[in-house]
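Each chain, letter by letter, is given below.
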Amino acid sequence: QVQLVESGGGLVQAGGSLRLSCAASGSTFNNIVLGWYRQAPGKQRELVATISSAGNTNYADSVKGRFTISRDNAKNTVDLQMNSLKPEDTAVYYCNAQKYGVVLSWGKGTLVTVSL
């Protein structure tokens with residue numbers, strides 16, 4: 001069973017940066033897609049970015065050019081570098097693991113708050 005633990009959330013002013021990290025354990029991670037999703041108050045959870053074990057990435061249009069997802073297969077970690085943050089980026093950010101389109105696990109989430 002895959003376990004995911006996020007860290008790095010917090011409060012930041014608009015225009016600032018934060019880096020989220022997710023440590024994965026409990027499985028081998030070949031062919032597992034790791035990613036970040038977020039859920040803002042009153043909204044549905046949405047995709048932020050994903051990265052395959054081969055390093056192929058996918059981003060939501062709303063974060064392209066501002067966020068960068070990266071992965072260390074040796075350490076089983078996935079990071080999300082978030083730059084030029086906007087108030088609308090405020091949300092709980094969740095780490096996610098999927099294999100062949102099936103969700104294996106979610107982390108408990110980390111809160112990111114962007115103030116004006």
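First things first, this report covers the structure right here in the doc. As the structure is a computational prediction, the values presented were derived from the model and not from experiment.

## A closer look at the pairing of strand β9 (residues 91-99)
The side chains of a regular strand alternate, residue by residue, between the two faces of the sheet.
Then, number 1: The element β9 is extensively covered by neighbouring structure, given that 7 of its 9 residues are classed as buried.
Then, number 2: Bridge count between β9 and strand β11 (residues 110-115): 3 bridges; the pairing is antiparallel. Looking at β11, one finds that alanine 91 is bridged to valine 112.
Then, number 3: Here β9 pairs with strand β10 (residues 102-106) via 4 bridges, running antiparallel.

## Side note on unusual backbone geometry
Then, number 1: Within the chain, asparagine 76 stands out as a residue other than glycine whose phi angle is a positive 55 degrees.
Then, number 2: Looking at where asparagine 76 falls in the secondary structure, it is placed in the loop between β7 (67-72) and β8 (77-82).
Then, number 3: With phi around 50 degrees, serine 84 is a residue other than glycine that occupies positive phi space.
Then, number 4: Relative to the elements of secondary structure, serine 84 occurs in the loop between β8 and β9.
Then, number 5: Serine 84 gets classed as partly exposed once you look at its relative accessible area, which sits at 42%.

Parameters and conventions
Residues numbered from 1 in each chain as written. Predicted model: local features only at pLDDT ≥ 70, side-chain atom pairs only at ≥ 80, totals over all residues. Heavy atoms only, no water. Buried < 20%, exposed > 50% of the residue type's maximum accessible area, 1.4 Å probe, protein only. Helix = DSSP H or I, 4+ residues; strand = E, 2+ residues; numbered from the N terminus. Pairing = 2+ DSSP bridges.

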